[in-house]
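Here is how the chains run, residue by residue.
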Amino acid sequence: MSTRGLNFLDRWLANNIPETTKADVISVDELTHKLIADAKALGIKRGEIDEEVDSLYRTILDAIVHYDPGLPE
């Protein structure tokens, strides 16, 4: 298991899922490609992320559907 992949995914979702993102195939696909590109830029292979989640698509979709911006700092 890759703690690095899971930590990256958690931080990336928190920082890259805007409140206005729609839960549709195109939005999720675009975010998936961005996530993979950002991970690659940091030297994190997709396999490190994939081994932590059943489906990257469903994980991103779930993050959009359950988006919670939290309290302002």
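Reading guide: rules and limits
- Residues numbered from 1 in each chain as written.
- Predicted model: local features only at pLDDT ≥ 70, side-chain atom pairs only at ≥ 80, totals over all residues.
- Heavy atoms only, no water.
- Core = buried A, V, L, I, M, F, W, Y, C linked by side-chain atoms within 4.5 Å.
- Buried < 20%, exposed > 50% of the residue type's maximum accessible area, 1.4 Å probe, protein only.
- Helix = DSSP H or I, 4+ residues; strand = E, 2+ residues; numbered from the N terminus.
- Contact = heavy atoms within 4.5 Å.
- Arc of directions from axis to C-beta.
- Salt bridge = Lys/Arg side-chain N within 4 Å of Asp/Glu carboxyl O.
- Expected span 1.5 Å × (residues − 1).

A. View of the nonpolar core. Of all hydrophobic cores here, the largest spans 15 residues; its most connected members are Leu35, Ile49 and Ile60. At the level of secondary structure, the elements contributing two or more residues to this core comprise helix H1 (3-16), helix H2 (25-41) and helix H4 (56-65). Those residues in contact with Ile60 that sit more than four places away from it in its chain are Leu13, Ile17, Val28, Leu31, Thr32 and Leu35.

B. Quick peek at the environment of Val25. Its location among the elements puts Val25 in helix H2. Once the C-alpha coordinates of Val25 and Leu61 are considered, the two residues, 36 residues apart in sequence, prove to be 8.7 Å apart.

C. View of H4. Residues of H4 that are buried: Leu56, Ile60 and Ile64. Each buried residue of H4 sits inside an arc of 75° when the element is viewed along its axis, so together they form one side. Opposite the buried face of H4, by more than 90 degrees, sit the exposed residues Arg58 and Val65. Its buried side turned inward, H4 meets H1, H2 and helix H3 (46-50).

D. Geometry of the pattern of salt bridges. Taken as a whole, this structure holds three salt bridges when the rule is applied. The closest approach of N and O atoms between Glu48 and Arg4, which form a salt bridge, is 2.7 Å. Taken as a pair, Glu48 in helix H3 and Arg4 in helix H1 lie far apart in primary sequence, 44 residues in all. Taking relative accessible area as the criterion, Arg4 reaches 43% and is therefore assigned partly exposed. For Asp50, the salt bridge goes to Arg46, with nearest N and O atoms at 3.0 Å. Of this pair, Asp50 and Arg46 both sit in helix H3, separated by four residues, roughly a single helical turn. According to the relative accessible area criterion, Asp50 is partly exposed, its value standing at 30%.

E. Structural context of H1. Between its first and last C-alpha, H1 extends 20 Å over 14 residues, near the 20 Å set by a 1.5 Å rise per residue. Within the span of H1, buried status applies to Gly5, Phe8, Leu9, Trp12, Leu13 and Asn16. Along the long axis of H1, the arc covered by the buried residues comes to 125°, so they all point the same way. Of the exposed residues in H1, the ones pointing more than 90 degrees away from its buried face are Thr3, Arg11, Ala14 and Asn15.

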